[in-house]
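Listed here are the chains, written in short residue letters.
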Amino acid sequence: MGIDVTIKIGGEAGQGIQTVGQLLALACRQAGLYIMGMNDFESRIRGGHSFFQLRISDSPVHAPHHRTHLLVCMNERTYTTHKTEVVPDGLSLINRDSVDSNGTKLSISFMDLAKKTGGPITANTVAAGAVLALLGCPLEILQDILKKQFSSKGPKVTDQNLLAAQLGHEAVQNCTFTYAFDWNGARSGGMLIEGSQSVAL
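Sequence order as written defines the numbering, with residues in each chain counted from 1. Side-chain atom pairs in this predicted model are given and counted only at pLDDT of 80 or more, local residue features only at pLDDT of at least 70, and totals for whole chains, interfaces and linings cover all residues. The basis for every side-chain value is the complete set of non-hydrogen atoms in the structure, without hydrogens or water.

**A word on the packing of aromatic side chains**
Right, so step 1: Aromatic rings from Phe, Tyr and Trp, taking only the six-membered ring of Trp, are treated as a pair when their centres fall within 6.5 Å; an angle between ring planes under 30 degrees marks them as stacked, one over 60 as edge-to-face, and anything in between as tilted. Per the stated rule, a full pass over the model turns up 2 aromatic pairs.
Right, so step 2: With a centroid separation of 5.0 Å and 15° between ring planes, the pair formed by Phe-181 and Trp-183 is classed as stacked.
Right, so step 3: A relative accessible area of 5% places Trp-183 in the buried class.
Right, so step 4: When the NZ atom of lysine or the CZ atom of arginine is within 6 Å of a ring's centre and also within 35 degrees of its normal, the charge is said to sit over that ring. Sitting over the ring of Phe-51, Lys-8 keeps its end group 4.4 Å from the ring centre. Exposure classes here rest on a 1.4 Å probe applied to the protein chains alone. A residue is buried below 20% of its type maximum, exposed above 50%, and partly exposed in between.

Here's what the structure looks like:
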């Protein structure tokens, strides 16, 4: 059976939900995987509910999927809103202070880990590191992407995000995710393009 995993990341507008989705998409592209993303956000600067859904496959995909294998909750509302969409053997990654796992829910504090890097702004990079670790992605793939993404912002910002990714990755290393897959032999391929850009082209 091939790879077909859907991840949904949700939180308040302003929490960097789209950044998490973009980092995951870039990692998948670098690994030569096919993806389809769906970006849903309210027209508020902060406070409205937003989510980014990403379907990952080893063969072309032409539509999103309504079942979620991994639900990443940057706030409590995301879990209450989307928990019924998670498949029975899926996982909900919840942003809470206590580290706990009961098989279907895993709690870690993205914010506390981000503060160890120098500020809470890297919480979304922590989340991206945790998600990719659960999927079985080597940390080096995300590190390579972060170096390219933040190179223009200087070494301090780059190093903060590299540490954030590492802390997120390490936080879930001992956790098992049913839908993890082999990333060995990854090859970058294709390009990432938004729907509006493709229509224009």
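**Points about the environment of Thr-178**
Right, so step 1: Numbered from the N terminus, helices here are DSSP runs of H or I no shorter than four residues, and strands are runs of E no shorter than two. Positionally, Thr-178 belongs in the loop between helix H6 (155-171) and helix H7 (195-200).
Right, so step 2: Under the relative-accessibility criterion, Thr-178 is labelled exposed at 53%.
Right, so step 3: For Thr-178 and Cys-73, which are 105 residues apart along the polypeptide, the C-alpha to C-alpha distance reads 18 Å.

**With respect to the layout of surface pockets**
Right, so step 1: There is about 650 Å³ of room inside the largest pocket.
Right, so step 2: Those elements giving two or more residues to the lining of the largest pocket turn out to be helix H1 (17-30), strand E2 (34-40), strand E3 (49-57) and H7.
Right, so step 3: Here the lining of the largest pocket takes 6 residues from E2, the largest share from any one element. Grid spacing is 1 Å over the protein atoms alone, the probe is 1.4 Å, and a cavity is where that probe fits but cannot get out, while a pocket is an open set with protein on both sides within 12 Å along at least five of seven lines and lining residues have an atom within 4 Å of a point. Grid points are joined across faces, edges and corners, and a volume is the space filled by probe spheres set on the points.

**Comments concerning the side chain of His-49**
Right, so step 1: Mapped onto the elements, His-49 comes out in strand E3.
Right, so step 2: Relative accessible area serves as the criterion here: at 8%, His-49 is assigned to the buried category.
Right, so step 3: Polar contacts here mean pairs of N or O atoms no more than 3.5 Å apart (in protein, one a potential hydrogen donor and the other a potential acceptor; neighbouring residues in sequence count only if both atoms are side-chain atoms). A distance of 2.9 Å separates the side chain of His-49 from the side chain of His-82, its partner in a polar contact.

**A short note on the nonpolar core**
Soluble globular proteins tend to pack their nonpolar side chains together in the buried interior.
Right, so step 1: Each nonpolar core is a collection of buried residues, namely Ala, Val, Leu, Ile, Met, Phe, Trp, Tyr and Cys, held together in the definition by side-chain atoms within 4.5 Å. Counting 52 residues, the largest nonpolar core has Ile-7, Ile-9, Leu-24, Leu-93, Phe-110, Leu-135 and Trp-183 as the members making the most contacts within it.
Right, so step 2: No other element matches the 10 residues that helix H4 (residues 123-135) contributes to this core.
Right, so step 3: Residues Leu-71, Tyr-79, Val-86 and Ile-94 belong to the second largest nonpolar core, which totals 5 residues.

**Remarks on the pairing of strand E5 (residues 86-95)**
Right, so step 1: Most of E5 sits out of view: 7 of its 10 residues are buried.
Right, so step 2: When DSSP finds at least two bridges between two strands, those strands are taken to pair. Direction of pairing for strand E4 (residues 68-73) relative to E5: parallel, over a ladder of 5 bridges. Bridging across to E5, Leu-70 finds its partner in Leu-91.
Right, so step 3: Looking down the strands as they point away from you, a crossover is right-handed if its path from the first strand over the helix to the second goes clockwise. Each parallel crossover has a hand, and the one from E4 via helix H2 (residues 76-82) to E5 is right-handed.

**Structural notes on the environment of Val-61**
Right, so step 1: The topology assignment puts Val-61 in the loop between E3 and E4.
Right, so step 2: Taking the relative accessible area as the measure of exposure, Val-61 reaches 14% and is therefore buried.
Right, so step 3: In this structure, the C-alpha to C-alpha distance between Val-61 and Ile-35, residues 26 residues apart in sequence, is 6.7 Å.
Right, so step 4: A contact between two residues is defined here by any heavy atoms of the two lying within 4.5 Å. Among residues more than four places away in sequence, those in contact with Val-61 are Tyr-34, Ile-35, Met-36 and Arg-55.

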